[in-house]
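Residue-level listing of the chains:
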Amino acid sequence: MKKIGIFYGSSTGMTAEVAEEIAKAMGVDTADIHNVADSAPSDVEPYDVLIFGSSTWGSGELQDDWFDMVDGLEATDLSGKKIALFGCGDESMSDTFCGALGELYTRLLPTGAKFIGHFNADGYDFESTEAFQDGIYVGLMLDNVNKEDLTAERIKAWTDQLKKEIA
Ligand SMILES: Cc1cc2nc3c(=O)[nH]c(=O)nc-3n(C[C@H](O)[C@H](O)[C@H](O)COP(=O)(O)O)c2cc1C
């Protein structure tokens, strides 16, 4: 049985809520849901699968609480672990939508972790995003500002896919 940990950064609670929904769908215990504001990079150690969530702020940037965490993680060997990314944004910010996922991906790629949970962005409405890297959307992009009605089905589709990738 693979051990799954969820780590999220959230300023107004949107990504925190989504983290809980993903945990329910994946059968992850609440003790394994971590706010990165209260986490250290070494907290990822016990997990085989890391689900990382960040909302996007500024102009395509990571949620603030991630700054120190990513600095520490990018200096860590995560080979053998799998990472899946999700985040909340606002697709009307049409060239920075969920850009934080792109930053997590590019900065953590050198850790040796395998990235899973790539996503099909059909049905979205934005121009471009840093979350599109190496020919793929690197994680689950959610818009609870304009498209909250689609969030539950998007989480279900993504977590169904993740379960297959983890098995
Ligand atoms: C000042 C400000 C800047 C934002 N910048 C972006 C952005 O560049 N790209 C994006 O997709 N969303 C952006 N957003 C939208 C937030 O990511 C969105 O509201 C998200 O749901 C917040 O999630 P959180 O409560 O988990 O932090 C911005 C929101 C605000 C208020």
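The protein appears in an unreviewed UniProt entry as Flavodoxin from Muribaculum intestinale. The UniProt entry for the protein carries this comment under Cofactor (unreviewed entry): "FMN". According to the UniProt record, the Function (unreviewed entry) comment for the protein is "Low-potential electron donor to a number of redox enzymes."

1. Some points on helix 3 (residues 99-108)
Counting buried positions over the 10 residues of helix 3 gives seven, a clear majority of the element. Gly99, Ala100, Leu101, Gly102, Leu104, Tyr105 and Leu108 are the residues of helix 3 that are buried.

2. Some points on the layout of surface pockets
In this structure, the largest pocket spans a volume of roughly 310 Å³. In terms of lining, the largest pocket is formed by 21 residues, of which the most central are Thr56, Trp57, Gly89, Asp90 and Val145. For the lining of the largest pocket, the secondary structure elements donating two or more residues are helix 1 (14-26) and strand 4 (56-57). Tallied by class, residues from the lining of the largest pocket come to seven nonpolar, 13 polar and one charged.

3. Description of the site of the ligand
With respect to spatial proximity, 20 residues lie near the ligand, and among them Ser10, Thr12, Thr15, Ser55 and Thr56 are the closest. At a separation of 3.1 Å, an oxygen atom of the ligand approaches a polar backbone atom of methionine 14. At 3.1 Å from a nitrogen atom of the ligand is found a main-chain nitrogen or oxygen belonging to glycine 58. Within the complex, 81% of the 650 Å² of free accessible area of the ligand lies under protein. Given that more than half its atoms are within 2 Å of the pocket grid, the ligand belongs to the largest pocket. Breaking the shell around the ligand down by element, the ones donating at least two residues are helix 1 and strand 4.

Conventions we followed
- Residues numbered from 1 in each chain as written.
- Predicted model: local features only at pLDDT ≥ 70, side-chain atom pairs only at ≥ 80, totals over all residues.
- Heavy atoms only, no water.
- UniProt positions renumbered as here; feature names shortened; annotations may be inferred.
- Buried < 20%, exposed > 50% of the residue type's maximum accessible area, 1.4 Å probe, protein only.
- Helix = DSSP H or I, 4+ residues; strand = E, 2+ residues; numbered from the N terminus.
- 1 Å grid on protein atoms, 1.4 Å probe; cavity = no way out; pocket = protein on both sides within 12 Å on 5 of 7 lines; lining within 4 Å.
- Points joined across faces, edges and corners; volume = space filled by probe spheres on them.
- Nonpolar A, V, L, I, M, F, W, Y, C, P; charged D, E, K, R; others polar.
- Near = heavy atom within 4 Å.
- Polar contact = N/O pair within 3.5 Å; in protein donor to acceptor, adjacent residues only side chain to side chain.
- Areas by Shrake-Rupley, 256 points an atom, 1.4 Å probe, with all protein chains shown as cover.
- Sits in = over half its atoms within 2 Å of the grid points.

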